[in-house]
Amino acid sequence: MKQFPDLKKFSHLFSTFFGVGLLPIAPGTWGSIAALILFFCYVFFQINFFYFLLSFFLLSIFAVIASELSSKDLVEKDHKAIVIDEVSGAWLSFLFVPAFGGYDFTSAEWQFKAYFIAMTLLVLFRFFDILKPHPISLVDQRFKSGFGIVLDDLIAGVFAGLTLLGGNFFINIF
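Residues numbered from 1 in each chain as written. Predicted model: local features only at pLDDT ≥ 70, side-chain atom pairs only at ≥ 80, totals over all residues. Heavy atoms only, no water.

On to the pattern of salt bridges. By the definition in use, this model includes 4 salt bridges. For the salt bridge of glutamate 86 with arginine 126, the shortest nitrogen-to-oxygen distance reads 3.8 Å. With glutamate 86 in helix α4 (residues 84-94) and arginine 126 in helix α5 (residues 112-131), this residue pair connects regions lying 40 residues apart in the sequence. Comparing glutamate 86 with arginine 126 shows no difference in burial state: the two are buried. Accessibility expressed as a relative area gives 13% for arginine 126, which makes it buried. Salt bridges here are not isolated pairs; linked through shared partners, they connect Glu86, Arg126, Asp129, Lys132 and Asp152. (Salt bridge = Lys/Arg side-chain N within 4 Å of Asp/Glu carboxyl O. Helix = DSSP H or I, 4+ residues; strand = E, 2+ residues; numbered from the N terminus. Buried < 20%, exposed > 50% of the residue type's maximum accessible area, 1.4 Å probe, protein only.)

Counting through the fold element by element, serine 71 comes out in helix α3 (residues 49-71). Within polar-contact distance, the side chain of serine 71 engages the backbone oxygen of serine 67 at 2.7 Å. (Polar contact = N/O pair within 3.5 Å; in protein donor to acceptor, adjacent residues only side chain to side chain.)

A word on the nonpolar core. Residues Phe39, Ile84, Trp91 and Phe94 are the most contacted members of the largest nonpolar core, which totals 47 residues. Taken together, the elements giving at least two residues each to this core come down to α2 (27-44), α3, α4, α5, α6 (136-142) and α7 (146-171). Sort the elements by how many residues they give to this core and α7 lands first, with 8 residues. (Core = buried A, V, L, I, M, F, W, Y, C linked by side-chain atoms within 4.5 Å.)

What follows is about the packing of aromatic side chains. Applying the stated criterion across every chain, the model contains 17 aromatic pairs. Aromatic pair phenylalanine 40 and tyrosine 115: ring centres 5.1 Å apart, planes at 70°, arrangement edge-to-face. Remark: tyrosine 115 occurs in helix α5 and phenylalanine 40 occurs in helix α2; sequence separation between them is 75 residues. Judged by relative accessible area, phenylalanine 40 falls into the partly exposed class, the value being 22%. An angle of 45° between the planes, with centres 4.9 Å apart, marks the rings of phenylalanine 52 and tryptophan 91 as tilted. Of this pair, phenylalanine 52 sits in helix α3 while tryptophan 91 sits in helix α4, and the two are 39 residues apart along the sequence. Classification of phenylalanine 52 by relative accessible area gives buried; the value is 0%. By relative accessible area, which is 3% here, tryptophan 91 ends up buried. Ring-pair connections join several aromatic residues into one group, and the members of that group are Phe39, Phe40, Tyr42, Phe52, Trp91, Phe94 and Tyr115. (Phe/Tyr/Trp six-rings, centres within 6.5 Å; stacked < 30°, edge-to-face > 60°.)

Let's shift gears to the packing of α5 against α7. The contact between α5 and α7 brings their axes to 8 Å, and the two run at 130°. With respect to their mutual orientation, α5 and α7 come out oblique. Classified by chirality, the crossing of α7 by α5 is right-handed. Residues Ile117, Thr120, Leu121, Leu124, Phe125, Phe128 and Asp129 of α5 form the contact with α7, whose participating residues are Asp152, Asp153, Ala156, Gly157, Phe159, Ala160, Gly161, Thr163 and Leu164. (Axes fitted to C-alpha atoms, helices over the stretch in contact; angles between N-to-C directions. Parallel < 35°, antiparallel > 145°, perpendicular 65-115°, else oblique. Left-handed = near helix turned anticlockwise from the far one by under 90°. Contact = heavy atoms within 4.5 Å.)

Before going further, it helps to examine unusual backbone geometry. Backbone torsion omega between histidine 134 and proline 135 reads 10°, so that peptide bond is classified as cis. Here the phi dihedral of glutamine 46 falls at roughly 55°; this positive angle occurs in a residue that is not glycine. Take glutamine 46: it is sitting in the loop between α2 and α3. Given the relative accessible area of 40%, glutamine 46 is considered partly exposed. With a phi angle near 55°, lysine 132 is a residue other than glycine that sits in the positive phi range. By the secondary structure assignment, lysine 132 is in the loop between α5 and α6.

Mean pLDDT over the chain stands at 89; residues scoring 70 or higher make up 91%. Put simply, α6 is where the chain has its lowest mean pLDDT, 86, and α4 is where it has its highest, 97. (pLDDT = per-residue confidence, 0-100.)

Below is the structure:
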């Protein structure tokens with residue numbers, strides 16, 4: 001097994017989200033925070049929802065490919081330095097932001113509650129990503145490929161979005 005990561009290889013550079021995964025404490029959380037910052041950049045530049053959605057799909061596809069290439073020679077397939085899956089999963093949870101009416105990706109007005117929604121989604125995403133309830137744990141255990149590395153985080157992103165939607169339905173937070 002060669003040294004991982006070798007940042008001269010693009011697959012390693014991308015799978016560590018340009019080195020964020022090399023941070024020593026809680027690299028998955030740092031990858032999620034980087035996803036939030038990148039999401040806020042989309043908001044700042046008023047990128048519409050279609051382009052964010054397209055970016056999410058492209059990011060997820062490249063995340064699967066990079067994770068597969070990066071983990072090919074590793075014993076531990078979902079190495080802690082691979083954080084592109086957290087970025088992809090967090091972005092999936094951010095796709096739920098317009099459902100709360102805080103931001104529609106096209107207006108210049110980014111309401112305070114939308115920041116709170118995005119940060120709450122991030123916390124919920126990390127909760128489900130770390131806890132790994134069923135079926136996330138099943139996917140994490142059975143699929144030891146680039147697809148499996150990313151899929152469990154995508155499911156955690158869906159859980160985060162649906163949990164906040166359900167909680168908002170009953171408690172009307174937003």
